[in-house]
Amino acid sequence: VQLQASGGGLVQAGGSLRLSCTASGGTLREYNLGWFRQAPGKEREFVTGIIWNGGRTHYADSVKGRFTISRDNIRNTVYLQMNSLKPEDTAVYYCAAATRDSIYIQIRAYQYNYWGQGTLVTVSS
């Protein structure tokens, strides 16, 4: 499956952005999905994940209460709504797909088999 992320851009602190990630060559219903991010000079970190049917989600503490992940299996798309953005949210954001599971949400990058190309989010102060 190929993943294509979009929606990044430049936004002021306190603003909002919505990222999208659309799949081709396969159906997202077969996968758990996640968003990761990587800031300059830092390692890639888990942001949020969602199980295959959308019934469970998990967030990194740094984004809890500000970011929301959702998915539309008919449109083969996963979304990341980001509110109250902070300069420290600046990073390249990646969507990724992992083995389908109804309980466990993968939080390690190595657990994800497919990755999108990344979309840059820049938050100015």
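Data block above holds the structure.
Reading the values: rules and limits
Residues numbered from 1 in each chain as written. Predicted model: local features only at pLDDT ≥ 70, side-chain atom pairs only at ≥ 80, totals over all residues. Heavy atoms only, no water. Pairing = 2+ DSSP bridges. Helix = DSSP H or I, 4+ residues; strand = E, 2+ residues; numbered from the N terminus. Axes fitted to C-alpha atoms, helices over the stretch in contact; angles between N-to-C directions. Buried < 20%, exposed > 50% of the residue type's maximum accessible area, 1.4 Å probe, protein only. Contact = heavy atoms within 4.5 Å. Phe/Tyr/Trp six-rings, centres within 6.5 Å; stacked < 30°, edge-to-face > 60°. Lys NZ or Arg CZ within 6 Å of the ring centre and 35° of its normal. Disulfide = S-S within 2.5 Å.

J.: Sorry, what's going on with the sheet that holds strand 7 (residues 67-72) here?
T.: Two orientations exist for strands paired in a sheet by backbone hydrogen bonds: parallel and antiparallel. An order of 1-3-8-7 is seen for the four strands of this open sheet, with the pairing classed as antiparallel. Only two strands of the sheet have a single partner each, and these edge strands are strand 1 (2-6) and strand 7. Each strand of the sheet is rotated relative to its neighbour by a mean of 15°, with strand direction disregarded. Bridge count between strand 3 (residues 17-24) and strand 8 (residues 77-82): six bridges; the pairing is antiparallel. Counterpart to R18 in the pairing with strand 8 is Q81.

J.: For this particular structure, what's the right way to read the environment of E43?
T.: Relative to the helices and strands, E43 resides in the loop between strand 4 (31-38) and strand 5 (45-50). Residue class for E43 comes out exposed when judged on its relative accessible area of 71%. Residue contacts for E43: discarding those within four places in its chain leaves R37 and Q38.

J.: I tried to follow the packing of aromatic side chains on my own but got confused; where do I start?
T.: Where two aromatic rings form a pair, the distance of their centres and the angle of their planes describe that pair. Overall, the coordinates contain six aromatic pairs when judged by the stated rule. With a centroid separation of 5.6 Å and 80° between ring planes, the pair formed by Y31 and Y114 is classed as edge-to-face. Here Y31 is found in strand 4, whereas its partner Y114 is found in strand 10 (residues 112-115), with 83 residues between them in sequence. The class for Y31 is buried, based on a relative accessible area of 17%. Overall, Y114 belongs to the partly exposed group, its relative accessible area being 30%. What links up through ring pairs into an aromatic cluster is the set F36, F46, Y94, Y112 and W115. Lying over the aromatic face of W115, R44 brings its terminal NZ or CZ to 4.8 Å of the ring centre. Here the guanidinium or amino end of R100 rests over the ring plane of W52, the centre of that ring lying 3.6 Å away.

J.: It is not clear to me how the state of the cysteines should be interpreted in this structure. Could you clarify?
T.: In protein chemistry, a disulfide is the covalent bond that joins the sulfur atoms of two cysteines. Scanning all chains against the criterion turns up one disulfide. The disulfide bridge from C21 ends at C95, spanning 2.0 Å between sulfur atoms. Disulfide C21-C95: the torsion about the S-S bond is 60°, which places it as right-handed. Placement of C21 in strand 3 and of C95 in strand 9 (residues 91-99) is noted, with a sequence separation of 74 residues between them. For the pair C21 and C95, a shared accessibility class is recorded, and that class is buried.

Keep in mind these values describe shape, not function.
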